[in-house]
Amino acid sequence: MNTGLLSHGACAAHEMGSWHPECPARLAAIQDRLIISGLAPHLEYVEAPQAPIAALARAHDPAFIRMLQRKTPTSGYYALDPDTLLCPSSWNAALHAAGAVLEATDQVVAGSLSNAFCAVRPPGHHARPGAGMGFCLLNNIAIGVMHALEVHGMERVAVVDFDVHHGNGTEEILAAIDHGNERVLMTSFFQHPFYPYSGTENPMENMVNVPLPAGSNGARVRAVVDEIWIPRLEKFRPQMIFVSAGFDAHREDEIGQMSLVEADYAYITERLMQVARQHSQGRIVSSLEGGYNLSALGRSVATHVRVLAQL
């Protein structure tokens, strides 16, 4: 079995202006690095379908979904907030981004892929049940988690988020659906205090939030993974792991102030692979979140994918 790489050309058509760091060039930088690194021939490329509305509605309010459709402009931009804009291609891009995670989930559960990385945009982990924010329109990972629970009958699903920002939308959606039953465990670290200024006030028991100060380096993050994340994941015994793969904690990424390097992303990925091999039949679906220094993003994704593919 191969590691899947899921994407769609529509994801590169979404744009929010030439000034915006969440730009189409991010996907080009990833693809270029996968080719340069020699990884591309070892991956199974899958074109992401559009997500059906019913799948979106497991994670998002139907009124919000209708609003996104209605507010997508025929020209120019519509601002959901000062940093999150819709262009004429945004709705289609968002459907394919969510569809990538759904298709990856289906193929990994079926065993046709061993694991998968979704090279998609817009990202998703800030998207709340009824609002887009923080560059995010639909919460791709939460949609995938709900699909695993409700369609594939998973009883325990884990989410791991290593973006520099707290995945507030994912936490809100999963907390709302789980009601303390612990079908879902979410582990994350994030720079704090920092946008979106959440994740530290009375999280639910199944939300393992680890705020870290600016300047935190790989040694500190690896300690979090080994001493906090892994024991909770081992105890939870997830049947599947979803990864919100943000690479903006890299030391070259100026949107945050953390100091990770490629070797740290390799370490995190390998530790998650160990948990997945023991408890999840190796089932991991990872989806792109942040990462805005194009060179660091491409190198970090290639490192992450190389470990997933065991190359």
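Going by the structure above, here's the rest.
Below is a short write-up of the structure. Fair warning: this is a prediction, and the values are worked out from it, not measured in the lab.

## Here's the deal with the pattern of salt bridges
All told, the structure shown has 11 salt bridges when counted by the stated rule. A salt bridge links Glu 22 to Arg 26; its shortest N-O distance comes to 2.7 Å. The same class applies to Glu 22 as to Arg 26, namely buried. When the shortest N-O distance is used, the salt bridge between Arg 277 and Glu 270 registers 2.7 Å. Under the relative-accessibility criterion, Arg 277 is labelled partly exposed at 44%.

## Some words on helix 9 (residues 262-279)
In this model, helix 9 (18 residues) spans 26 Å end to end at C-alpha, consistent with the 26 Å of a helix rising 1.5 Å per residue. Within the span of helix 9, buried status applies to Glu 262, Asp 264, Tyr 265, Ala 266, Ile 268, Thr 269, Arg 271, Leu 272, Met 273, Val 275 and Ala 276. Phi turns positive, to about 55°, at Gln 281, one or two residues after helix 9.

## Brief notes about the packing of helix 8 (residues 218-236) against helix 9
It is at 10 Å that the axes of helix 8 and helix 9 come closest, and there the two elements cross at 10°. Here helix 8 lies roughly parallel to helix 9, going by the angle between them. Touching Gly 218, Val 221, Arg 222, Val 225, Asp 226, Trp 229, Ile 230, Leu 233 and Glu 234 of helix 8 are Ala 263, Asp 264, Tyr 267, Ile 268, Arg 271, Leu 272, Val 275, Gln 278 and His 279, all from helix 9. A breakdown of the residues in the contact of helix 8 with helix 9 according to their chemical character gives 10 nonpolar, three polar and five charged.

## Considering the packing of helix 9 against helix 10 (residues 294-308)
It is at 9 Å that the axes of helix 9 and helix 10 come closest, and there the two elements cross at 30°. With respect to their mutual orientation, helix 9 and helix 10 come out roughly parallel. Relative to helix 10, the crossing made by helix 9 is right-handed. Residues Glu 262, Tyr 265, Ala 266, Thr 269, Glu 270 and Met 273 of helix 9 touch helix 10, and the partners they reach there are Arg 299, Ser 300, Thr 303, His 304, Val 307 and Leu 308.

## Some words on the sheet that holds strand 5 (residues 113-118)
Strand order in the open sheet made by the eight strands is 2-1-5-10-9-6-7-8, with parallel pairing throughout. Of all the strands in the sheet, the pair left with one neighbour each is strand 2 (43-47) and strand 8 (207-212). Between one strand axis and the next, the sheet turns by 15° as a mean value, whatever way the strands run. Where strand 1 (residues 2-7) lies against strand 5, five bridges are found, and the strand directions are parallel. Each bridged residue has a counterpart across the sheet, and for Asn 2 the counterpart in strand 5 is Leu 113. In this fold helix 9 packs onto strand 5, strand 6 (157-161), strand 7 (184-191), strand 9 (240-245) and strand 10 (284-288), with an angle of close to 165° to the strand it touches most, strand 9.

## Description of the side chain of Thr 105
For Thr 105, the location among the structural elements is in helix 5 (residues 90-110). Not counting the four nearest positions on each side in its chain, Thr 105 is found in contact with Gly 144, His 147, Ala 148, His 152, Met 240, Phe 242 and Val 285.

## Comments concerning the environment of Ala 119
Of note, Ala 119 is situated in the loop between strand 5 and helix 6 (140-150). Among the residues examined, Ala 119 registers a relative accessible area of 7% and is labelled buried. Contacts of Ala 119, omitting those with residues within four sequence positions, involve Leu 5, Leu 6, Ser 7 and Leu 27.

## What to know about the packing of aromatic side chains
Summed over all chains, the structure comprises five aromatic pairs. Ring geometry for Phe 162 and Tyr 265: centres 5.6 Å apart, planes at 45°, overall tilted. One end of the pair, Phe 162, is in the loop between strand 6 and helix 7 (168-178); the other, Tyr 265, is in helix 9, and 103 residues separate them in sequence. Phe 162 gets classed as buried once you look at its relative accessible area, which sits at 0%. On the numbers, 4.9 Å between centres and 70° between planes, the contact of Phe 247 with Tyr 265 is edge-to-face. With Phe 247 in the loop between strand 9 and helix 9 and Tyr 265 in helix 9, this residue pair connects regions lying 18 residues apart in the sequence. The same class applies to Phe 247 as to Tyr 265, namely buried.

Rules used throughout
Residues numbered from 1 in each chain as written. Predicted model: local features only at pLDDT ≥ 70, side-chain atom pairs only at ≥ 80, totals over all residues. Heavy atoms only, no water. Salt bridge = Lys/Arg side-chain N within 4 Å of Asp/Glu carboxyl O. Buried < 20%, exposed > 50% of the residue type's maximum accessible area, 1.4 Å probe, protein only. Helix = DSSP H or I, 4+ residues; strand = E, 2+ residues; numbered from the N terminus. Expected span 1.5 Å × (residues − 1). Axes fitted to C-alpha atoms, helices over the stretch in contact; angles between N-to-C directions. Parallel < 35°, antiparallel > 145°, perpendicular 65-115°, else oblique. Contact = heavy atoms within 4.5 Å. Nonpolar A, V, L, I, M, F, W, Y, C, P; charged D, E, K, R; others polar. Left-handed = near helix turned anticlockwise from the far one by under 90°. Pairing = 2+ DSSP bridges. Phe/Tyr/Trp six-rings, centres within 6.5 Å; stacked < 30°, edge-to-face > 60°.

Keep in mind that these numbers describe shape and distance, not what the molecule does.
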